[in-house]
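Listed here are the chains, written in short residue letters.
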Amino acid sequence: MDKEKYIEQELSKLTWSSLTAFFPYGSLFIILLCILDYLVTPENFSKFFIYRLIAASVGMTSFVIIKLKKNKTKYFQLFFIFVGVLFPSIMVESMILSFGGYQSTYYAGMIIVIIFVLGFLPISVKLTAIIASLIYAIYLLPILLLNNIVNMKLFFNNNMFLMGSALGALGWRYFYQRLIIKNLSLEYDLSKDKEQLETYSTQLEDLVEERTKELSVSE
């Protein structure tokens, strides 16, 4: 196996391992934040709890499927990454639209989604950019279509925080991903050096054995 294939294979293993932590932990976090709903908007508590329950159920179902699935292909992996992005993002956006629209403090929930997804999953920079753009689009497009934006300063402020979080996560993922790839590359080189040393050791043992036999015959 060449170095590029080895790195790709190890990154895939690491991503699957991260997904098995991401879904249960994320689902638990989603449910725990219902305390915030009760304190901030008690009138929406029941509705928001249903939203959270749906998103958490999808997360736990995804976790079970991943654990049971034997043949884990690249497309199967991508499917669950996007499931992990779409459902919490749609959940948060539904809360935003139900509680204040573009003026809602729940826009911070999108920042949490960005941190969770891009923090947990060791994905490529390209995929990170796609996911960050998707999360931002899920936030922005329904607001532009359904809200009458009066307070432009607040709208601009919320968008700057979201874009800043996405760009920060993108930069962090870029440097962290390079570090992972560098470590895997070093690991591959060390394994190849070890194999070569083992080959040399075997050849040396054979040579010593052959010389010993020759010496014995000579004597």
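All residue numbers here refer to positions counted from 1 along the written sequence of the relevant chain. Given that this is a predicted model, residues contribute local features only at a pLDDT of at least 70 and side-chain atom pairs are listed and counted only at 80 or more, while totals for whole chains, interfaces and linings are drawn from all residues. Heavy atoms throughout the structure, all of them, feed into the side-chain values; hydrogens and water do not.

A. Expanded view of the overall build of the protein chain. Segments assigned H or I by DSSP are reported as helices when at least four residues long, segments assigned E as strands when at least two residues long, and all are numbered from the N terminus. Of regular secondary structure, the protein chain possesses seven helices and zero strands. Going from N to C terminus, the protein chain has its helices and strands arranged as α-α-α-α-α-α-α. Taking 219 residues into account, the globule formula puts the C-alpha radius of gyration at 17 Å, and the protein chain, at 26 Å, lies well above it. Oriented by its inertia axes, the alpha-carbon framework of the protein chain measures out at about 100 × 35 × 30 Å. Under the scheme applied here, a residue whose accessible area is under 20% of the maximum for its type counts as buried, over 50% as exposed, and between as partly exposed, the area being computed with a 1.4 Å probe on protein chains only. Taken across its 219 residues, the protein chain has 35% of its residues classed as buried. Long-range contacts, defined as pairs at least 24 residues apart, comprise 77% of the intrachain contacts of the protein chain with a sequence gap of at least 6. Exposure was quantified through the Shrake-Rupley algorithm and a 1.4 Å probe, taking into account, for residues, occlusion by the shown protein chains and nothing else. Counting every atom, the protein chain has about 13400 Å² of accessible surface; 67% of that belongs to carbon and sulfur. Here the protein chain contributes 19 positively and 18 negatively charged side chains, and the mean placements of these two sets differ by 14 Å. For a compact globule the rule gives 2.2 Å times the number of residues to the power 0.38, and the radius of gyration it is set against comes from C-alpha atoms. Any pair of residues with heavy atoms lying within 4.5 Å of one another is described as a contacting pair. A residue counts as positive if it is Lys or Arg and as negative if it is Asp or Glu; His and the chain ends are not included. Where a charge lies is defined by one atom per residue type, namely NZ (Lys), CZ (Arg), CG (Asp) and CD (Glu).

B. Spotlight on the packing of helix H1 (residues 3-32) against helix H3 (residues 45-68). For helices, the fitted line uses only the C-alpha atoms of the stretch in contact; every axis is such a line through C-alpha atoms, and the angle between N-to-C directions lies from 0 to 180 degrees. Packing of H1 against H3 brings their axes to within 8 Å, and their N-to-C directions diverge by 155°. On the basis of the axis angle, H1 is roughly antiparallel to H3. By crossing handedness, the relation of H1 to H3 is classed as left-handed. Residue-level inspection shows Trp16, Leu19, Thr20, Phe23, Pro24, Ser27, Ile30 and Ile31 of H1 in contact with H3, the latter providing Arg52, Leu53, Ala55, Ala56, Gly59, Met60, Ser62, Phe63, Ile66 and Lys67. Among the residues forming the contact of H1 with H3, the class breakdown is 12 nonpolar, four polar and two charged. By definition in this entry, angles of less than 35 degrees are roughly parallel, angles greater than 145 are roughly antiparallel, angles of 65 to 115 are roughly perpendicular, and the rest are oblique. Should the near helix be turned anticlockwise from the far one by less than a right angle, the crossing is left-handed, and should it be turned clockwise, the crossing is right-handed. Residue polarity is assigned by list, with Asp, Glu, Lys and Arg as charged and Ala, Val, Leu, Ile, Met, Phe, Trp, Tyr, Cys and Pro as nonpolar; anything else, Gly included, falls into the polar class.

C. Structural view of the packing of aromatic side chains. The rule is short: rings of Phe, Tyr and Trp, with Trp giving its six-membered ring, pair when the centres are within 6.5 Å, and they are stacked under 30 degrees, edge-to-face over 60, tilted in between. Under the counting rule described, the total for this entry stands at 19 aromatic pairs. Here the aromatic cluster, defined as three or more aromatic residues joined through ring pairs, consists of Trp16, Phe22, Phe23, Tyr25, Phe29, Phe76, Phe79, Phe80, Phe116 and Phe120.

D. Spatial organisation of the layout of surface pockets. In this structure, the largest pocket spans a volume of roughly 560 Å³. Residues are said to line a cavity or pocket when one of their atoms sits within 4 Å of a point; the points come from a 1 Å grid over protein atoms alone, cavities being sets where a 1.4 Å probe fits but cannot get out and pockets being open sets with protein on both sides within 12 Å along at least five of seven lines. As for the largest pocket, its lining consists of 23 residues, of which Glu8, Leu11, Lys74, Gln77 and Ser124 are closest to the centre. With eight residues, the top contributor of residues to the lining of the largest pocket is H1. Broken down by class, the residue content of the lining of the largest pocket amounts to 11 nonpolar, seven polar and five charged. Grid points are joined across faces, edges and corners, and a volume is the space filled by probe spheres set on the points. Quantified by volume, the second largest pocket comes out at close to 440 Å³. In terms of lining residues, the second largest pocket is bounded by 28 residues, among which Ile30, Met91, Val92, Ile112 and Val113 are the most central. If you list the elements that add at least two residues to the lining of the second largest pocket, you get H1, helix H2 (34-40), H3, helix H4 (74-98) and helix H5 (108-120).

E. Quick look at the environment of phenylalanine 161. Take phenylalanine 161: it is sitting in helix H7 (residues 152-218). Residues phenylalanine 161 and leucine 32 lie 129 residues apart in sequence; the distance between their C-alpha atoms is 24 Å.

F. Broad picture of the side chain of glutamate 93. As for its placement among the helices and strands, glutamate 93 is situated in helix H4. Whenever Lys or Arg places a side-chain nitrogen within 4 Å of a carboxyl oxygen from Asp or Glu, that contact is recorded as a salt bridge. No salt bridge is formed by the buried glutamate 93; the nearest opposite charge belongs to arginine 52, separated by 13 Å. Apart from the residues lying within four places of it in its own chain, the contact partners of glutamate 93 are Met110, Ile138, Tyr139, Pro142 and Ile143.

G. Just the nonpolar core, in detail. Residues belong to a common nonpolar core when they are buried Ala, Val, Leu, Ile, Met, Phe, Trp, Tyr or Cys residues joined through side-chain atoms within 4.5 Å. Core analysis: the largest hydrophobic core is formed by 42 residues, its most contacted members being Leu19, Ile96, Met110, Val117, Leu118, Ile131 and Tyr139. Counting residues per element, the ones that place at least two in this core are H1, H3, H4, H5, helix H6 (125-146) and H7. In terms of residue count, H4 provides more of this core than any other element does, nine residues in total. In contact with isoleucine 96, other than residues within four places in its own chain, are Gly101, Ser104, Tyr106, Tyr107, Met110, Tyr139 and Ile143. In terms of nonpolar packing, the next biggest core, distinct from the first, is built from six residues, Tyr6, Leu11, Leu184 and Tyr188 among them.

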